[in-house]
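Examination of the molecular architecture
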Amino acid sequence: MTPELNIKPKTYDFYLMLLTSAVLVVIGLVCLYGIGYYTYTNETAPQWTQTQMYGDYINSMNQLIYPFVVLLLVALGLCIPKRIVPRQSLLAAGTGILAATFLIALITNIGTSLAFLLAVSIVVQAAVMVLTMLGRGGLTYEREGYFVQTGSSMLHLGTVIFVFDFVSMRTTELHLGVFWVATILITVGTVLSFYPGEAGNIARFLRPGNKSP
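Residues numbered from 1 in each chain as written. Predicted model: local features only at pLDDT ≥ 70, side-chain atom pairs only at ≥ 80, totals over all residues. Heavy atoms only, no water.

Looking now at the overall build of the protein chain. Helix and strand counts for the protein chain stand at seven helices and zero strands. Listing every helix and strand of the protein chain by position from the N terminus yields α-α-α-α-α-α-α. Relative to its 213 residues, the protein chain shows a buried fraction of 35%. Within the protein chain, counting contacts between residues at least 6 apart in sequence, those at least 24 apart form 70% of the total. For the protein chain, the exposed surface amounts to about 12,500 Å²; the carbon and sulfur share of it is 69%. (Helix = DSSP H or I, 4+ residues; strand = E, 2+ residues; numbered from the N terminus. Buried < 20%, exposed > 50% of the residue type's maximum accessible area, 1.4 Å probe, protein only. Contact = heavy atoms within 4.5 Å. Areas by Shrake-Rupley, 256 points an atom, 1.4 Å probe, with all protein chains shown as cover.)

Right, here's the structure in full:
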């Protein structure tokens, strides 16, 4: 049975959900554009990755996706960590992190600042996921249930890791490994979020000492 998401319209969480969904759609479109451009150019000019053209492509993609990644991380940052710290403290901390991100962009480049912001978000989301799985930290969620909450935290973490992989790791040897970590988190998180009852039944069946009737 699929659980109902009880979020009232015109509330803080409702607008966060809308913002996150819209930004994810835009990031998906940007990713598709980048993949399409890379594939087309690779077919027409196989050696282009060895030229300045490839560097220009990386820079343009970073500039294109930068504002949407920042928006996504702001939305996710205001969503899950509010379960740990008061909203005002969260807003203050988020403002400081954003200021540091923009400062890094001015001193170095957009790619480095994005990597910093994503790394901070990954650490925060990973801590939330661990606390959720351990049942500690006084976390609060919109929906009740261990598997629903664990799935939600895994989805958030997987999404951030996926964006990190696309933005910062796509030209490294670790790209595929990071991609599969994100894919597994998103897939398992989706299953747990939408089928918590079935996940609970499987967990009880696999629990040591369980006896079949």
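Ranked by size, the top nonpolar core spans 35 residues in total, and within it Ile27, Ile65, Val69, Leu118, Ile161 and Val167 carry the most contacts. Listed by contribution, the elements that provide at least two residues to this core are helix H1 (12-44), helix H2 (52-79), helix H4 (110-134), helix H5 (146-169) and helix H6 (175-194). Looking at this core element by element, the count peaks at ten residues for H2. Apart from the residues lying within four places of it in its own chain, the contact partners of Val69 are Ile27, Leu114, Leu118, Val163 and Val167. (Core = buried A, V, L, I, M, F, W, Y, C linked by side-chain atoms within 4.5 Å.)

Position of Thr150 among the secondary structure elements: in helix H5. A residue is classified by how much of its surface remains accessible, and Thr150, at 4% relative accessible area, is buried. Here Thr150 is in contact with Thr132, Met133 and Leu192, once residues within four sequence places are set aside.

A word on the environment of Tyr33. Relative to the helices and strands, Tyr33 is located in helix H1. Of the residues examined, Tyr33 reaches a relative accessible area of 48% and is grouped as partly exposed. Along the primary structure Tyr33 and Met61 are separated by 28 residues, whereas in three dimensions their C-alpha atoms are 9.3 Å apart. In contact with Tyr33, not counting residues within four places along its chain, are Met61 and Leu64.

Centre-to-centre distance and the angle between the planes together describe a pair of aromatic rings. Across all of its chains, the model carries eleven aromatic pairs by this definition. For the ring pair Phe162 and Phe179, a centre distance of 6.4 Å and an interplane angle of 55° mean the geometry is tilted. With Phe162 in helix H5 and Phe179 in helix H6, this residue pair connects regions lying 17 residues apart in the sequence. Residue classification places Phe162 among the partly exposed positions, given a relative accessible area of 32%. What makes Phe179 partly exposed here is its relative accessible area of 26%. A ring pair is formed by Phe179 and Trp180, whose centres lie 5.5 Å apart and whose planes are at 75°; its orientation type is edge-to-face. (Phe/Tyr/Trp six-rings, centres within 6.5 Å; stacked < 30°, edge-to-face > 60°.)

Looking now at the confidence of the model for the protein chain. Of all residues in the protein chain, 80% attain a pLDDT of 70 or more, and the chain-wide mean is 78. Averaged pLDDT values over the elements of the protein chain bottom out at 77 in helix H7 (residues 196-206) and peak at 89 in H6. Low pLDDT, under 50, characterises residues 1-7; the stretch is placed with 18 contacts to residues that sit more than four places away or in other chains. (pLDDT = per-residue confidence, 0-100.)

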